[in-house]
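# Structural features, examined
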Amino acid sequence: MAQLLAQSEIKERASVLSNWNVEGSELQCTRKFKDFIQAVEFVNKLVEPAEAAGHHPDLEISYNKVKIKLTTHDAGGLTHKDFDLAGVISQIT
């Protein structure tokens, strides 16, 4: 199991991620698209990297917006796995 990050590590790692925020024990990002179809296409692009990492985001789709939430459930909070996957997701357009 991945180890929880200390608050100082969380702040440091979050500071280098654009458009991501720490909310409690989650790392969150909301992406906005032209329409529902583009939002769903984006979600489909998340499947391969999430499977490869063995780490899966919680997702909410609301028409043209996708909210991504990352947390390591079995560790009870944020770990390196969350920030690593957030970095990968940030590169997906």
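All of these numbers come straight from a predicted model, not from anything done at the bench.

About the criteria used
- Residues numbered from 1 in each chain as written.
- Predicted model: local features only at pLDDT ≥ 70, side-chain atom pairs only at ≥ 80, totals over all residues.
- Heavy atoms only, no water.
- Helix = DSSP H or I, 4+ residues; strand = E, 2+ residues; numbered from the N terminus.
- Buried < 20%, exposed > 50% of the residue type's maximum accessible area, 1.4 Å probe, protein only.
- Contact = heavy atoms within 4.5 Å.
- Areas by Shrake-Rupley, 256 points an atom, 1.4 Å probe, with all protein chains shown as cover.
- Lys, Arg positive; Asp, Glu negative; His and termini not counted.
- Charge placed at Lys NZ, Arg CZ, Asp CG, Glu CD.
- Expected span 1.5 Å × (residues − 1).
- Polar contact = N/O pair within 3.5 Å; in protein donor to acceptor, adjacent residues only side chain to side chain.

What follows is about the overall build of the chain. Per the secondary structure count, the chain includes 3 helices and 4 strands. For the chain, the sequential pattern of α-helices and β-strands runs α-β-β-α-β-β-α. Taking the principal axes of the C-alpha coordinates as reference, the chain spans close to 40 × 25 × 20 Å. Here the chain holds 93 residues, and the buried ones make up 41% of them. Residue pairs at least 24 apart in sequence account for 66% of intrachain contacts in the chain once pairs closer than 6 positions are excluded. Surface summary for the chain: the accessible area is close to 5700 Å², and the carbon and sulfur share equals 49%. Distance between charge centroids for the chain: 8 Å, based on 10 positive and 13 negative side chains.

Let us look at helix 2 (residues 36–53). Counted at 1.5 Å a residue, the expected span for helix 2 with its 18 residues is 26 Å, and the 26 Å between its end C-alpha atoms agrees. All of the buried residues along helix 2 are A39, F42, V43, L46, P49 and A50. Contacts from the buried residues of helix 2 go to strand 2 (26–32), strand 3 (58–62), strand 4 (65–70) and helix 3 (80–90). Count one or two residues on from helix 2 and you reach G54, which has phi positive near 65 degrees.

This part covers the side chain of K69. Residue position: K69 is located in strand 4. By relative accessible area, which is 18% here, K69 ends up buried. A distance of 3.0 Å separates the side chain of K69 from the side chain of E60, its partner in a polar contact. If we ignore the near neighbours within four places in the chain, the residues touching K69 are E26, L27, Q28, P57, D58 and E60.

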